[in-house]
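# Topology and contacts: notes
What follows is each chain in one-letter form.
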Amino acid sequence: MREISVSNQTKVLIVDDHPLFRQGLRDVLETDMALTVVGEAADGEVAIEMVEESSPNVILMDINLPTINGLQVTRRIKAKRPECKVIVITGYDDD
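A brief look at the structure comes next.

For the rest of this paragraph, the subject is the nonpolar core. With 14 residues, the main nonpolar core has Leu13, Val15, Ile59, Met61, Val73 and Ile77 as its most contacted residues. Breaking this core down by element, the ones donating at least two residues are strand S1 (10-15), helix H2 (44-54), strand S3 (58-61) and helix H3 (70-80). With four residues, H2 is the largest single contributor of residues to this core. Excluding residues that lie within four positions of it along the chain, Val73 makes contacts with Gly44, Ala47, Ile48, Met61 and Ile68. Grouped together as the second largest cluster of nonpolar side chains are eight residues, Val12, Val37, Leu60 and Ile89 included.

Here you go:
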């Protein structure tokens, strides 16, 4: 098995307001040695702060967030850190 140095790992930030969903994503991502979860945020304001603190390479972003929605958060983050990749993840409970 090949060992991956911490400097080569992709840093991921999870942004979703559902704690069980965040934990499930973290559990799956942590099985990949090439990824490291640098944090979790439950709302848009916290997500913006955490990007400044943790400098993730990739953000898994929910659209429906408290305080600021995920699309607005993405615009603000990309304006400051255009190299950061954002993957939108969302779900709707609709019959």
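Further remarks concern H3. For an α-helix, 3.6 residues make a turn, and residues three or four places apart therefore share a direction. Listing the buried residues of H3 in full gives Gly70, Val73, Thr74 and Ile77. Angular distribution of buried residues about the axis of H3 spans 100 degrees; they occupy a single face of the element. Exposed residues pointing more than 90 degrees away from the buried face of H3 are listed as Arg75 and Ala79. Where the residues of H3 are buried, they touch H2, S3 and strand S4 (85-88).

With that out of the way, let us pick up the pairing of S1. With six bridges connecting them, S1 and strand S2 (residues 35-41) associate as parallel partners. Bridge pairing in S2 links Val12 to Val37. In this fold, S1 hands off to helix H1 (residues 19-29), which returns the chain to S2; that crossover is right-handed. Of the strand pairs in this sheet, S1 and S3 are connected by four bridges, and their pairing is parallel. Bridged to Val15 within S3 is Met61.

Quick notes on the rules
- Residues numbered from 1 in each chain as written.
- Predicted model: local features only at pLDDT ≥ 70, side-chain atom pairs only at ≥ 80, totals over all residues.
- Heavy atoms only, no water.
- Core = buried A, V, L, I, M, F, W, Y, C linked by side-chain atoms within 4.5 Å.
- Buried < 20%, exposed > 50% of the residue type's maximum accessible area, 1.4 Å probe, protein only.
- Helix = DSSP H or I, 4+ residues; strand = E, 2+ residues; numbered from the N terminus.
- Contact = heavy atoms within 4.5 Å.
- Arc of directions from axis to C-beta.
- Pairing = 2+ DSSP bridges.
- Right-handed = clockwise from strand over helix to strand, strands pointing away.

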